[in-house]
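Results of the structural survey
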Amino acid sequence: MNALVINCSPVRNGATAEIVGMISSAIAGKYDTKSVCIDDYTFSFCKGCRSCHKTAKCVQKDDVDLLMNEFENADVIVCVAPSYWADIPGQFKAFVDRVTPWCNTHEPHATIPSGKRGFAVALRTGPNMPECERLIGSIEHFYGHLEIECTGHLGMVSVEYKEDVEKYRDQILALCEKM
Ligand SMILES: Cc1cc2nc3c(=O)[nH]c(=O)nc-3n(C[C@H](O)[C@H](O)[C@H](O)COP(=O)(O)O)c2cc1C
């Protein structure tokens, strides 16, 4: 069984990367685990042309297919996103938009194999949880249209730098137990 853990932040050594590392280590005994950073991939914005609604394919060819191959191969997918202006980072949102060929609201649409489970993890510097819940909602919405069942989530507040993550270790490991 394979797990994919995605750093949805462009920062490779920050708080999000720290959480990705913690999760990847915790589940490494159970899954062949691959962690990636959204910034490992180069892709353009969705043009909104809706060609994919008729063809199930994007008119653009870039690294979106590479990342979607990782989704195809994974049984468990964990998206870890920091709040950037009270939402998922733009780089990750741009990827989500480009996944429209796989979105189940139009026919035909591309598919990934069924039976995958997803987890949504959000963090932010501010103190209130509703902003994290908003990000978790965005990730759950994304999973839903790919028919990935979201089976767990975690929000973390008052986190800015990687040193701030340690206080959530027990909650992160408890989430990993469900994976
Ligand atoms: C461009 C930008 C926008 C941010 N906007 C918010 C915000 O709206 N609310 C918040 O609580 N934290 C915000 N933050 C703080 C990040 O959520 C926090 O520092 C997080 O730990 C960053 O993780 P990273 O360094 O792994 O990307 C923002 C950070 C950046 C860089």
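Computed from a predicted structure; not experimentally measured. (Residues numbered from 1 in each chain as written. Predicted model: local features only at pLDDT ≥ 70, side-chain atom pairs only at ≥ 80, totals over all residues. Heavy atoms only, no water.)

**What to know about the site of the ligand**
Around the ligand sit 17 residues in total, of which Ser-9, Thr-16, Ser-83, Arg-124 and Glu-131 are the nearest. One of the backbone N or O atoms of Ala-86 is found 2.9 Å from an oxygen atom in the ligand. Interatomic distance of 2.9 Å between a backbone N/O atom of Gly-126 and an oxygen atom of the ligand. Protein burial of the ligand: of its 640 Å² of free accessible surface, 73% is covered by the chains. Among the cavities detected, the one that contains the ligand is the second largest pocket. (Near = heavy atom within 4 Å. Polar contact = N/O pair within 3.5 Å; in protein donor to acceptor, adjacent residues only side chain to side chain. Areas by Shrake-Rupley, 256 points an atom, 1.4 Å probe, with all protein chains shown as cover. 1 Å grid on protein atoms, 1.4 Å probe; cavity = no way out; pocket = protein on both sides within 12 Å on 5 of 7 lines; lining within 4 Å. Sits in = over half its atoms within 2 Å of the grid points.)

**A word on the sheet that holds strand S4 (residues 117-123)**
Spatial ordering of the open sheet is given by S2-S1-S3-S4-S5, a layout of 5 strands whose pairing is parallel. Each edge of the open sheet carries a strand with a single partner, namely strand S2 (32-37) and strand S5 (149-156). Across this sheet, the average inter-strand angle for adjacent strands is 15°, counted without regard to direction. Across the sheet, helix H6 (residues 169-177) lies against S4 and S5, angled at about 175° from S5, the strand it touches most. (Pairing = 2+ DSSP bridges. Helix = DSSP H or I, 4+ residues; strand = E, 2+ residues; numbered from the N terminus. Axes fitted to C-alpha atoms, helices over the stretch in contact; angles between N-to-C directions. Contact = heavy atoms within 4.5 Å.)

**Description of the layout of surface pockets**
Space inside the largest pocket adds up to approximately 260 Å³. Around the largest pocket, the lining is made up of 16 residues, and of these Val-96, Asp-97, His-141, Phe-142 and His-145 lie nearest the centre. Those elements giving two or more residues to the lining of the largest pocket turn out to be helix H4 (90-98) and helix H5 (129-146). For the lining of the largest pocket, the leading source of residues is H5, giving 6 residues. Looking at the lining of the largest pocket residue by residue, the class counts come to 9 nonpolar, 4 polar and 3 charged. If you add up the space inside the second largest pocket, you get close to 220 Å³. Every residue lining the second largest pocket is counted, 14 residues in all, and those nearest its centre are Pro-82, Tyr-84, Thr-125, Val-159 and Glu-160. (Points joined across faces, edges and corners; volume = space filled by probe spheres on them. Nonpolar A, V, L, I, M, F, W, Y, C, P; charged D, E, K, R; others polar.)

**Considerations on H4**
Taken together, the buried positions of H4 are Phe-92, Ala-94, Phe-95, Val-96 and Arg-98. Tucked into the core, H4 has its buried residues touching helix H3 (64-73), strand S3 (76-82) and H5. (Buried < 20%, exposed > 50% of the residue type's maximum accessible area, 1.4 Å probe, protein only.)

**Looking at the state of the cysteines**
Within the structure shown, the criterion is met by 0 disulfides. Take Cys-103: it sits in no disulfide, and the sulfur closest to it among the cysteines is that of Cys-52, at 8.5 Å. For Cys-103, a relative accessible area of 15% puts it in the buried group. (Disulfide = S-S within 2.5 Å.)

**Focus on the environment of Ala-56**
In this structure, Ala-56 sits in the loop between helix H2 (51-55) and H3. Here the alpha-carbon distance between Ala-56 and Thr-111, two residues 55 residues apart in the chain, equals 9.1 Å. Filtering out sequence-adjacent residues up to four positions away, Ala-56 remains in contact with Pro-101, Pro-108, His-109 and Ala-110.

**A short note on unusual backbone geometry**
With an omega of 0°, the peptide bond running from Glu-107 to Pro-108 counts as cis. Relative to the elements of secondary structure, Pro-108 occurs in the loop between H4 and S4. A positive phi angle, near 55°, is found at Trp-85, a position not held by glycine. Locating Trp-85 in the fold gives a position in the loop between S3 and H4. Judged by relative accessible area, which is 87%, Trp-85 ranks as exposed.

**Examining the environment of Thr-33**
Position of Thr-33 relative to the elements: it lies in strand S2. Through-space distance from the C-alpha of Thr-33 to that of Gly-115 is 18 Å; in sequence the pair is 82 residues apart. Residue contacts for Thr-33: discarding those within four places in its chain leaves Ala-3, Val-5, Ser-24, Ile-27 and Ala-28. Only 3.0 Å separates the side chain of Thr-33 from the backbone oxygen of Tyr-31, close enough to count as a polar contact.

Functional significance is not addressed by these values, which are geometric in nature.
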